[in-house]
Amino acid sequence: MEHTAPMAARRMITAPLLHRESIGASYHVLTFDVPEGSDAQPGQFAMVRGAEWGDAPLLPRPMSYLTGGTTPSILIKVIGEGTLRMGRAEPGEPFTLLGPLGNTWRPPSRNRRPVLVAGGVGIAPLLYFAKQIAADGATPLSIYGGRSSRDLPLEDELSEISETHLTTEDGSRGTRGRVTDVLESLLDAGSEVYTCGPDRMMAAVAAICAKRDVPCQVSLETPMACGYGVCLGCPVPTTDGGYLYACMNGPCIDARLVDFSRSDHAPRKVATTAGGAK
Amino acid sequence: MNGSNVRIGELDLANPVLTASGCFGYGLEYDEFFDVATLGGICTKGLSLEPRLGNPPERICETPAGMLNAIGLANVGVENFCTVKLPTLRERGVTVVANIFASSVADFVKITERLEAEDGVHAIELNVSCPNVTVGGIEFGKDPKLASEVTRAVRQSTKRPVWVKMSPEAGDILAVGRACEEAGADALTAINTIRGMSIDINTRRLRLVALRIVWDLCGAVSIPVIAIGGIATWQHALEFIMAGASAVQVGTASFSDPCAAKHVMDGIAAFCSQNETTVADLIGAARSS
């Protein structure tokens, strides 16, 4: 399977937090000060860790770039210890950023209209992509869903540059229901879909696209220790019965290659040993 | 020579810092971060006779005591290693320790014979201690008789140094270590991954266990012991060296910082220079004081 990431100029830097913008209780945008600039493109990610965290949390966290350049930023949702610390970080606090890692979204084919389907914090790589599309003079179509209105961070930024449809499961914003309810009616034969969100959502989006014969790329998210193909901790089941690795073969990848029926819907296998990677 | 060089049996290493199998790929993945040829050596991802896909997700989970994993020995297989990975490592002058595993003595020998046909492999490290596969691996490392059998068979199939990687799961690890020594092992590596669940909240459990085992092993065998287990800094490395280890391997730390092994290597060199000492003099220093 030839989807190996381009060997961009990835490097590890220590950069101070420039500012942190809280969006509700759970979401934060962290912007870093990188005077020499970052080559990060939409779809790529960085391994991010507080430079002063000490022994724990031990591993950096894979985070999609929300912006690149001299002020690269990430959108985080507070889930565990690592993101909790990120959500409390103050300007000036140093972070290590290893990136850019992984591959980019494949640009839409000529004459196809990009349709961006985001779930919650999955908006990050898609908003960055939408900005790139808008800068090229096009207006993407976006469908952005969450459990409630509190789970649609940065919806205003997305709405500014795309034709945006919002959905919430509780009906507190936009259409009540899921992104897939809206996607069915908006897709046409000239669409090209890009999606990032929970696996179940991406699986449903991919299934609709397959049925309608519309190209679809997904942005994979899995636990990850290194981010560059060494730990082998980020396998994603493929339709040929094997695995690809989210860090090197993705995170952006043709949905047809991914076997969502064997991904994290399945009962979770608990890792059982400490230290190293065997 | 800057005082960092060490000798592991017949093998001279430029310094005592190696990277642990499974935590450094096949070495070249790190070459863009620093010159991996400057390391004492790299231990490859464990090599099997045939390529292996590894376990289904999820494979890793971080805990306060370290990274839990169940990778399942995913690897490219010995043939691909020899034809695709090794030529570049050889050309770059990297000191390569080929880590190998199998579920039978015969397969251990076949892998060894395949490697024997190649230049650029400096030592062979037997993984007789992986707990994450259903067949083979750890059984060899728990039983002195089986460990001895596999060590002897590999010893007879290669002219290269043979290191045996000890399992902390062995009931009597010192008996296993002595059995490997008698069977012709040139060095012991301690320790492989711990089967575990997270319990300790504020300690690096892996390193505490590893240090105790390394200390005991160094007293039990006369061949060199190479330490591994939670080593993330040069200070950690020196703890193990002073406990008697002749060299160390850096593992999980390479994930959070690709240059972790380089920092360990540089830190040891700086320590030796500041204290006008050599690594050789520091090996086992804590034992005699």
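Residues numbered from 1 in each chain as written. Chains lettered and ligands numbered in written order. Predicted model: local features only at pLDDT ≥ 70, side-chain atom pairs only at ≥ 80, totals over all residues. Heavy atoms only, no water.

### Here's the deal with the sheet that holds strand β4 (residues 61-67) of chain A
Residues and elements named next belong to chain A. Heads up, the condition is: Strands are treated as partners if at least two bridges between them are detected by DSSP. Think of it this way: any DSSP run of H or I at least four residues long counts as a helix, any run of E at least two long counts as a strand, and we number them from the N terminus. Only C-alpha atoms enter the line fits that serve as axes; for helices the fit covers just the stretch in contact. Angles between N-to-C directions range over 0 to 180 degrees.
Within the closed barrel, the six strands sit side by side as β1-β2-β5-β4-β3-β6. Their pairing is antiparallel. Neighbour-to-neighbour, the strand axes of this sheet turn through a mean angle of 45°, independent of strand direction. With five bridges joining them, strand β3 (residues 45-50) and strand β6 (residues 94-101) adopt antiparallel strand pairing. Paired with valine 48 across the two strands is leucine 97, which belongs to β6.

### Focus: the side chain of threonine 31 of chain A
Quick note on the threshold: Any two residues having at least one pair of non-hydrogen atoms within 4.5 Å are treated as being in contact.
Tracing the sequence through the fold places threonine 31 of chain A in strand β2 (residues 27-32). Ignoring any residue separated from it by four or fewer positions in sequence, one finds threonine 31 of chain A in contact with Pro16, Leu17, Leu18, His19, Thr71, Pro72 and Ser73 of chain A.

### As for the pairing of strand β7 (residues 113-119) of chain A
All names here are of chain A. Note the cut-off: Only protein chains enter the area calculation, which uses a 1.4 Å probe; residues under 20% of their type maximum are buried, those over 50% are exposed, and those in between are partly exposed. For a crossover, the right-handed case is the one in which the path from the first strand over the helix to the second runs clockwise, viewed with the strands pointing away from the viewer.
Burial within β7 is extensive, with six of its seven residues counted as buried. Summarising the sheet, β7 and strand β11 (residues 191-196) pair through six bridges and their orientation is parallel. Counted as the bridge partner of valine 115 is valine 193 from β11. Note that β7 and strand β8 (residues 141-146) share five bridges and pair parallel. Residue leucine 116 lies in a different strand from β8, and its bridge partner there is serine 142. Handedness of the crossover is the feature at issue here: the chain leaves β7, passes through helix α2 (residues 123-135), returns alongside β8, and the resulting connection is right-handed.

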